[in-house]
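Observations on chain architecture
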Amino acid sequence: MDRRSLLRGAAVVGAAGVSGLAIPGTARAAGPAGMPTYRYLRDALTLPLRYNPTGEFIFPCIRGVYDKISGARGRYYLYYAPHEKPGGICVAWANSLDGPFTEHPGNPIIDNVLPGGGTVSHVSSPHVTWEPATRQFLLYWHGENTTTRVARSSDGLTFRDETPILSTRLVPGLTETSYARVFAHSGRYVMVYMGVLSGKRRIYHGWSPNGWDQWQFAQVPLVNPEPDGLTDISGPSLVVRNNTTYVAYHGNDGKMRITEVGNAFDRENHLGVFHSPAAPDNGRTAAPSFGTDGGVEYMFYEAGPRLNARICIARAV
């Protein structure tokens, strides 16, 4: 059975989504799909931080806010979180993608206490997008690893209406559904996320007409690790260039790769490594989030071992 036939059997859920498609621009093409060469610039956050419960941070999401809201603390907001318990969704700001970023004194902006009481062990992996129809930011994160949630905000700092939108029960066979990013794409919102199937991390996807509810989720992987010679892949992000659509992600070897999925998300053309760890990365790069400032392309990413990671900034050369 081909991918399009399998996608017709998607399950419907009902609550949230996000936009903010990452589109690298015109830097010198050096890698697969014309991806630029990114070079480490600096760590995004200057230590010590006020909120730093575990000494490690993951899954950066960079968003320009200067053209969306008034009274922003900086032109760019950087969302991130600790991986380990209790986690906590955090934000920092800067006026340039060069950084460094200033920590929000009110972090964490979302903790592991659920609305109405109760807790989860941790919350992590924030991704934020702007929904222009409602002029709101939508924030996605996971907690537990089996559940992806969403909330909304008018200022990008105070979020409300925390709602679960994806769980393992919606895609039978998966034991985790986490590390989601959501992008506006071809008139709808597309989510890419990590699902664990038979003990291996793979990339899955879903879609919504409005980024908030009416979610549907494909029942088969979008990108698999085996063609890359890997056992696990995660940290997906959509990239649109060359009139087609790709997924950028990291593998268990610490390198970042890119695979063409097409504008209809009906193909899986593995193109190889576009970024490998440099000396400052301590053997691992992961979870890319892309941005452009003054025509220069940037990549924010995790660097270092999975449970001892930092948030770093790389700039196209």
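Now for a look at the structure at hand.

What counts and how
- Residues numbered from 1 in each chain as written.
- Predicted model: local features only at pLDDT ≥ 70, side-chain atom pairs only at ≥ 80, totals over all residues.
- Heavy atoms only, no water.
- 1 Å grid on protein atoms, 1.4 Å probe; cavity = no way out; pocket = protein on both sides within 12 Å on 5 of 7 lines; lining within 4 Å.
- Points joined across faces, edges and corners; volume = space filled by probe spheres on them.
- Helix = DSSP H or I, 4+ residues; strand = E, 2+ residues; numbered from the N terminus.
- Nonpolar A, V, L, I, M, F, W, Y, C, P; charged D, E, K, R; others polar.
- Pairing = 2+ DSSP bridges.
- Axes fitted to C-alpha atoms, helices over the stretch in contact; angles between N-to-C directions.

Thoughts on the layout of surface pockets
A volume near 240 Å³ is recorded for the second largest pocket. Lining the second largest pocket are 20 residues, and of these Arg 201, Ser 234, His 250, Arg 284 and Arg 306 lie nearest its centre. Elements represented by at least two residues in the lining of the second largest pocket include exactly strand E3 (58-64), strand E15 (233-241) and strand E16 (244-251). Here the element with the most residues in the lining of the second largest pocket is E15; it accounts for 3 residues. Residue composition of the lining of the second largest pocket, by class: 6 nonpolar, 8 polar and 6 charged.

Things to note about the sheet that holds strand E9 (residues 147-153)
Read across the sheet, 4 strands follow the order E7-E8-E9-E10 without closing on themselves; strand pairing throughout is antiparallel. The open sheet has two edge strands with one neighbour each: strand E7 (124-131) and strand E10 (160-167). Each neighbouring strand pair of the sheet contributes to a mean axis angle of 25°, computed without reference to strand direction. Relative to E10, E9 runs antiparallel, the two sharing 5 bridges. Residue pairing for E10: Arg 152 is matched across the bridge by Arg 160.

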